[in-house]
Amino acid sequence: MKKTKATRRFALALAMMLVLLAALTGCGGGAAEEPAGNETPDALKIGIVQIVEHPSLDTIRENIIAQLAEEGFVDGENIVIDYKNAQNEMANLKTICQAFAAAPVDLIIAIATPSAQAALGETTEIPIIFSAVTDPLAAELVDSLEVPGGNVTGTSDAVSAQMIMDLAREITPDIKTIGALYNSSEVNSVSVINDLKAYAEANGLKVVESPVTNTSEVQQSAQFLAGKADAVFSPIDNTVASSMPIIVETLNNAGVPFYVGADSMVSEGGLATYGINYVILGKETGKMAAAVLNGADTSTMPVMTMTDMDIYVNTVTAEVLGITIPDSVMAKATDLGGK
Ligand code: TRP
């Protein structure tokens, strides 16, 4: 029989399949290697859902996975992690969480508020451990922080608008009007902005708001606020954190200081914050996830809130703005400029 191109290709494919089959069944003859861990039939399945990729959420995820390993749950060995990022689209969040519920996975780890809300929307049975949810009560995830009451608990990264604004006024004492830049559909942000308004009211300051609903609106919003406010403030907002470079450029060009809710936003050019350590928060989340895998009950496992706060400043941004950060602040601060 004359060998055609097609038969040759068929023979090649057949040979490749045989090699693959041999590798899968472990009768390849070569050095005896462990089968790939994620073939382990009794490995626990963990779905990780993250609203979007920005530096802070990525740090959190990496530390959750590292801590799980520390606790004896190693991806590809005795657990299988399915990580999905929703690219800041609510529709994607729903699809991802539906798939986790249908699988079903043994545990869902939800990074940031919108992810946790979407996960709870799909299951009240599968345990959910959330990470970095600013206000779990406002997000309607738990009955109380002490006794969550259902299939959901986790860690909170609540920060204080008051502490950040006190810091802002120590650095730039002439602030009268504060511009609020945030996504009004992120409960985590709305909660902090409400605190900001209360602070402003008590301290004779004015708040000008320019809420956005997605990243395509942030530059215009920053531009608008630059013309109205002495300083701009963004809480721990995922939409803002995903578009820092364009906001920083806009505000720096206008000479307006930008105070933010998280260290990563300072690394990316924000002037300063009073915030929590997300490496520790990630690890704490990993510990809670491990406890659940070991049989602990989410309904009685208290939400963990971070009490240690640190000052982070960016001296490179300060220089661009022509601002000198007082020694009183520098003495307590970590400088993330140039990082
Ligand atoms: N706290 C945010 C939420 O509840 C998530 C978050 C964690 C975040 N770290 C951040 C947002 C840093 C912006 C910047 O959804």
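Structure first, text after, so check above.
Let us look at the structure shown here. (Residues numbered from 1 in each chain as written. Predicted model: local features only at pLDDT ≥ 70, side-chain atom pairs only at ≥ 80, totals over all residues. Heavy atoms only, no water.)

### With respect to the site of the ligand
- By nearness alone, 19 residues border the ligand, and S56, T113, A132, T134 and D157 come closest of all.
- With respect to the ligand, the side chain of S56 contributes an N or O atom lying 2.9 Å from a nitrogen atom.
- Against a free-state accessible area of 360 Å², the protein chains account for coverage of 100% of the ligand.
- Considering each element in turn, the shell around the ligand owes the most residues, three residues, to helix α2 (residues 55-70). (Near = heavy atom within 4 Å. Polar contact = N/O pair within 3.5 Å; in protein donor to acceptor, adjacent residues only side chain to side chain. Areas by Shrake-Rupley, 256 points an atom, 1.4 Å probe, with all protein chains shown as cover. Helix = DSSP H or I, 4+ residues; strand = E, 2+ residues; numbered from the N terminus.)

### Some words on the pattern of salt bridges
- This model, assessed by the stated rule, comprises five salt bridges.
- With a shortest N-O distance of 3.2 Å, D58 and R61 are connected by a salt bridge. With a gap of three residues between them, D58 and R61 both fall in helix α2, about one helical turn apart.
- Owing to a relative accessible area of 18%, D58 belongs among the buried residues under this scheme.
- According to the relative accessible area criterion, R61 is buried, its value standing at 12%.
- With its nearest N and O atoms 3.1 Å apart, the salt bridge here joins E209 to K197. (Salt bridge = Lys/Arg side-chain N within 4 Å of Asp/Glu carboxyl O. Buried < 20%, exposed > 50% of the residue type's maximum accessible area, 1.4 Å probe, protein only.)

### Thoughts on the pairing of strand β3 (residues 107-111)
- Judged by how many residues are buried, β3 sits mostly within the fold: five of five residues are covered.
- Along β3, one buried face is formed by L107, I109 and I111 and the opposite face, lined by I108 and A110, is buried too.
- In the sheet, strand β1 (residues 44-50) pairs with β3 via five bridges, with the strands oriented parallel. Paired with I48 across the strands is I109, a residue of β3.
- Judged from the four bridges that link them, β3 and strand β4 (residues 128-131) form a sheet pairing that is parallel. Looking at β4, one finds that I111 is bridged to S131.
- Crossover handedness for the path β3 to helix α4 (residues 113-122) to β4: right-handed. (Pairing = 2+ DSSP bridges. Right-handed = clockwise from strand over helix to strand, strands pointing away.)

### Re the packing of aromatic side chains
- Taken as a whole, this structure holds zero aromatic pairs when the rule is applied.
- The side chain of R61 reaches across the aromatic face of Y83, ending 4.1 Å from its centre. (Phe/Tyr/Trp six-rings, centres within 6.5 Å; stacked < 30°, edge-to-face > 60°. Lys NZ or Arg CZ within 6 Å of the ring centre and 35° of its normal.)

### What to know about the sheet that holds β3
- The parallel open sheet is built from six strands, whose spatial order is β2-β1-β3-β4-β5-β11. The open sheet has two free edges, formed respectively by β2 (79-85) and β11 (304-305), since each of these has just one partner strand.
- As judged from the two bridges shared by strand β5 (residues 152-156) and β11, these two strands associate in the parallel manner. Looking at the pairing, T155 lines up with M304 of β11.

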